[in-house]
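Residue-level structural notes
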Amino acid sequence: MKKRKYIFLLLISIIAIIACNPQKKIIKEPIKEKGADYLFDQLKKHEFKYDGLNIKFSADFEMEKKSNSFSGTLRIRKDSAIWMTVSALGLEAFRALITHDSIKMLNRLNNTYYAEGFLFLNKLLSTNMDFDMLQSLLTGNDFSLYQGDIFKASIENKQYKLSTVGRGKLKKYIANTEDSLRLLMQDIWLDPETFKISKVMLKEIKENRKLEVEYSEFQLIDTMYIANKMKFDFSNLNQKIKLDINLNKISRVNALEFPFTVSPKYTRIKQ
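Scoring rules and cut-offs
Residues numbered from 1 in each chain as written. Predicted model: local features only at pLDDT ≥ 70, side-chain atom pairs only at ≥ 80, totals over all residues. Heavy atoms only, no water. Helix = DSSP H or I, 4+ residues; strand = E, 2+ residues; numbered from the N terminus. Buried < 20%, exposed > 50% of the residue type's maximum accessible area, 1.4 Å probe, protein only. Contact = heavy atoms within 4.5 Å. Areas by Shrake-Rupley, 256 points an atom, 1.4 Å probe, with all protein chains shown as cover. Core = buried A, V, L, I, M, F, W, Y, C linked by side-chain atoms within 4.5 Å. 1 Å grid on protein atoms, 1.4 Å probe; cavity = no way out; pocket = protein on both sides within 12 Å on 5 of 7 lines; lining within 4 Å. Points joined across faces, edges and corners; volume = space filled by probe spheres on them. Nonpolar A, V, L, I, M, F, W, Y, C, P; charged D, E, K, R; others polar. Polar contact = N/O pair within 3.5 Å; in protein donor to acceptor, adjacent residues only side chain to side chain. Phe/Tyr/Trp six-rings, centres within 6.5 Å; stacked < 30°, edge-to-face > 60°. Lys NZ or Arg CZ within 6 Å of the ring centre and 35° of its normal. Patch = residues over 30% accessible without salt bridge, like charges linked within 9 Å, V, L, I, M, F, W, Y side chains within 5 Å. Salt bridge = Lys/Arg side-chain N within 4 Å of Asp/Glu carboxyl O.

1. Description of the overall build of the chain
When its secondary structure is counted, the chain shows five helices and 14 strands. The proportion of buried residues among the 271 residues of the chain is 42%. Contacts spanning at least 24 positions in sequence make up 50% of the contacts within the chain whose residues lie at least 6 apart. As displayed, the chain has an accessible area near 16,900 Å², and 55% of this comes from carbon and sulfur atoms.

2. Re the nonpolar core
As a rule of thumb, soluble globular proteins bury nonpolar side chains together. Formed by 50 residues in total, the largest nonpolar core has its most connected members in Leu 137 and Leu 162. Among the elements that line this core, the one with the most residues is strand β12 (residues 224–235), at six residues. Residue contacts for Leu 137: discarding those within four places in its chain leaves Met 129, Phe 143, Val 200, Leu 211, Val 213, Tyr 215, Met 230 and Phe 232. Residues Leu 97, Tyr 113, Phe 258 and Phe 260 belong to the second largest nonpolar core, which totals nine residues.

3. Quick notes on empty space enclosed by the protein
Considering all chains together, one arrives at one cavity of 30 Å³ or more under this definition. Roughly 40 Å³ of volume is contained in the largest cavity. Taken together, the elements giving at least two residues each to the lining of the largest cavity come down to α4 (131–139), β9 (184–190) and β10 (197–204). Here the lining of the largest cavity is built from residues that sort into six nonpolar, three polar and one charged.

4. Let's talk about unusual backbone geometry
Across the chain, the bulk of peptide bonds are trans and the bulk of non-glycine residues have phi less than zero. Phi is positive for Asp 79, which is not a glycine, with a value near 60°. Position of Asp 79 among the secondary structure elements: in the loop between β2 (66–77) and β3 (81–88). For Asn 111, which is not glycine, the phi torsion reads 55° and is therefore positive. Mapped onto the fold, Asn 111 is located in the loop between β5 (103–107) and β6 (112–116). Take Asn 111: its relative accessible area is 37%, and that puts it in the partly exposed class.

5. Remarks on α4
Within an α-helix, residues lying three or four positions from one another point in the same direction, as the helix has 3.6 residues per turn. Most of α4 is tucked away, with nine of its nine residues classed as buried. Taken together, the buried positions of α4 are occupied by Phe 131, Asp 132, Met 133, Leu 134, Gln 135, Ser 136, Leu 137, Leu 138 and Thr 139. Capping the start of α4, Asp 130 holds a side-chain oxygen 3.3 Å from the backbone nitrogen of Asp 132, two or three residues further along.

6. Describing the environment of Asn 128
Relative to the elements of secondary structure, Asn 128 occurs in the loop between α3 (118–125) and α4. With 56 residues separating them along the chain, Asn 128 and Leu 184 place their C-alpha atoms 9.6 Å apart.

7. Details of the packing of aromatic side chains
We describe a pair of aromatic rings using the distance from one ring centre to the other and the angle between the two ring planes. Tallying each qualifying case throughout the model produces six aromatic pairs. Ring plane angle 90° and centroid distance 6.3 Å describe the contact between Phe 57 and Phe 70, whose orientation is recorded as edge-to-face. Here the residue Phe 57 occupies a position in strand β1 (residues 52–63), and Phe 70 occupies one in strand β2, the gap between them amounting to 13 residues. When the centroid spacing of 5.7 Å and the interplanar angle of 55° are considered together, the rings of Phe 143 and Tyr 146 count as tilted. Ring-pair connections join several aromatic residues into one group, and the members of that group are Tyr 38, Tyr 160 and Phe 195. Above the face of the Tyr 50 ring, Lys 78 is positioned so that its terminal group lies 5.2 Å from the ring centre. Between the NZ or CZ atom of Lys 199 and the centre of the ring of Trp 189, over which it lies, the distance is 4.2 Å.

8. Side note on a nonpolar patch on the surface
The grouping of Phe 218, Leu 220 and Tyr 225 at the surface amounts to a nonpolar patch, some 270 Å² of accessible area in total. Of note, Phe 218 is situated in strand β11 (residues 209–221). By relative accessible area, Phe 218 is classed as partly exposed at 30%.

9. Description of the environment of Asn 110
Here Asn 110 is to be found in the loop between β5 and β6. When the C-alpha positions of Asn 110 and Ala 93 are compared, they lie 9.2 Å apart, and in sequence the two are 17 residues distant. Only 3.3 Å separates the side chain of Asn 110 from the side chain of Asn 107, close enough to count as a polar contact. At 2.6 Å, the side chain of Asn 110 and the side chain of Thr 112 are in polar contact.

Written out as structure tokens, the structure is:
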């Protein structure tokens, strides 16, 4: 009898522990009336909003089985400019200034610089990127100049998922033929509690290119969440590139400077 009593008490204790253990919010499949549109609205509502950002970061870069570690500073003036310095062993090695129509970069290691459009970067890395996409990926937000009403909703691995096989630029932002032809096959995974992007995948079937970005370790800044860790994984037929970024210090600021001066001693690299 005592043995049965102890077993009974043990079972009761286990049930009590399970009942008191906090569970993650159970997500329900988005109903038809509030599926993709509802999730996309929540995604936009919970984006990290800013006018200017000043970020200290460290990163690990790997390409063609070669890897490097570096640190730097990243400054973003929303919809205007992205400025970045890259340092190794305590010395600045590169400096870049990116706007909607140009990419300028100083290479202090060999006294060279280049100043070209996004076409140069896309050819160099075999990508298909523009300023809006780069700005959004660096802040964990969605693309602001692209269609938002062409997604389908589902659930995968306990997260919401938005998918589309052909996301293009909004008509009012199409500036040339290249913009009108650019269609993105895109998947977006959302955390069910914060509606923050936890992962985004971009594919270009014809070019056999894929970019996957994962976001984790979110921190709260002025009531808004932003990821401290970002993992970029790019692949195509010819190469694979991995970039892991840790955001060590993030500040929302209004006044930003983007110093970028080319010494006469520097040689310009052209396409």
